[in-house]
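Chain residues, written in single-letter form:
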Amino acid sequence: MTARIVFMGSPEFALPVLRRLLESEQEVVAVYTQPDRPAGRGRALQAPPAKELALAHGVPVHQPAGVSVPDSVQELAGLNPDLIVMAAYGQILKQPVLDIPRRGVVNVHASLLPRHRGAAPVAAAILAGDEEAGVTIMRTELALDAGPILAQRRVSISPQYTTGVLTEKLAEEGADLLMEVLPAWLDGRLAPTPQDASRATYAPTLRKEDGRVDWGLPAEEIWRRVRAFTPWPGAFTYLDGQPLRLLDTWPLAAGDEGQQAGLPVRQAGTVVPCPPGAALPDEAGLPVRQAGFAVVTGRGLLAIIRLQLAGRRALPATDFLRGQRGLMGKRLG
């Protein structure tokens, strides 16, 4: 059946879902997205990606600061939607909104619920060392990401995946999965499965300060943080008072601290040479990568592969090292 659908979404993650809906037999009657926000060095207003896609297809766009306030609820009800589809909208819907569409509100969430409910599920999966991530199509209820599940799809987490890369993959998988289950949901042939709340974990919103590296942590945990915080907020430390962003790293085995690098035992954060033969296997099947140097952590060494000083271009660590005389033995912090 053809349904009148209101789409609610804002960032890049929302685009595959919206694009598939626009290409389908369904009627997208409106797109709700966050208000334009200042961005970049000039702080010029920037439209959410979902707005740009909607306007390119001639779909009306609504950007209320609060979609659940009475005026917005009345406007939404006037669209007479059969269904609301959400994908990273950025606002919590209250009951008056949830009650409007005949078939309710369904959400494309980037985790295998009930694991990693909340605002940053992809980063949370990488931080936790999960072997799998996934997407869930769920019916939205008042409680945060607690509604019953229509369908799920699993995706293996490669050791090379950052949050940015994994988010792109999950967005495409979520769009495919939504289109598979949508006909049965609209026809009332699909019964959702309640979540097991006892298994729920939470993924809070990331903050800029979360990206600062604590060198007292084990190398493997710092490595996961570098991946989880790419592209935002970025994993960073300081070298001679200047911000230094870590873009690609690899954990070396515990026990490889200072002695294995040919130096006395050093404090966490100390820059040391990589142990002999520290060419790092690339488990994504790409060419073997060379580490430029390593940093002592609370357990093991963290090999540094690619990094960026503030205001400079990103460099392989081997190139960075050639331009940083006296780097060995310095402490990052």
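Keep in mind it's a predicted model, so treat the numbers as computed, not measured.

What counts as what
- Residues numbered from 1 in each chain as written.
- Predicted model: local features only at pLDDT ≥ 70, side-chain atom pairs only at ≥ 80, totals over all residues.
- Heavy atoms only, no water.
- Helix = DSSP H or I, 4+ residues; strand = E, 2+ residues; numbered from the N terminus.
- Buried < 20%, exposed > 50% of the residue type's maximum accessible area, 1.4 Å probe, protein only.
- Contact = heavy atoms within 4.5 Å.
- Lys, Arg positive; Asp, Glu negative; His and termini not counted.
- Charge placed at Lys NZ, Arg CZ, Asp CG, Glu CD.
- Core = buried A, V, L, I, M, F, W, Y, C linked by side-chain atoms within 4.5 Å.
- Arc of directions from axis to C-beta.

When you go through the protein chain residue by residue, the secondary structure sums to eight helices and 19 strands. Principal-axis analysis of the C-alpha atoms places the extent of the protein chain at approximately 70 × 45 × 35 Å. Among the 333 residues that make up the protein chain, the fraction classed as buried is 52%. In the protein chain, once contacts between residues fewer than 6 apart in sequence are set aside, the share between residues at least 24 apart is 66%. Taking the average location of the 35 positive side-chain charges in the protein chain and that of its 34 negative ones, the two points are 7 Å from each other.

Once that is clear, we can look at the nonpolar core. The biggest cluster of nonpolar side chains holds 48 residues, and the ones touching the most others in it are Phe7, Val17, Leu21, Val85, Leu166, Leu170 and Leu178. What Leu178 contacts, discounting residues up to four positions off in sequence, is Val17, Leu21, Val85, Val106 and Ile137. Judged by nonpolar contacts, the second largest core, of 33 residues, contains Trp215, Ala219, Leu301 and Leu302.

This brings us to helix α2 (residues 49–56). Among the residues of α2, Ala50, Lys51, Leu53 and Ala54 are the ones counted as buried. The buried side chains of α2 occupy one side of the element, clustering within an arc of 165° when seen end-on. The exposed set on the far side of α2, more than 90 degrees from its buried face, consists of Leu55 and Ala56. Looking at the buried positions of α2, the neighbouring elements they touch are β1 (4–9), α1 (15–23), β2 (27–32) and β5 (61–62). Looking at the residues trailing α2, positive phi occurs at Gly58, about 70°.

Nothing here speaks to function; it is geometry throughout.
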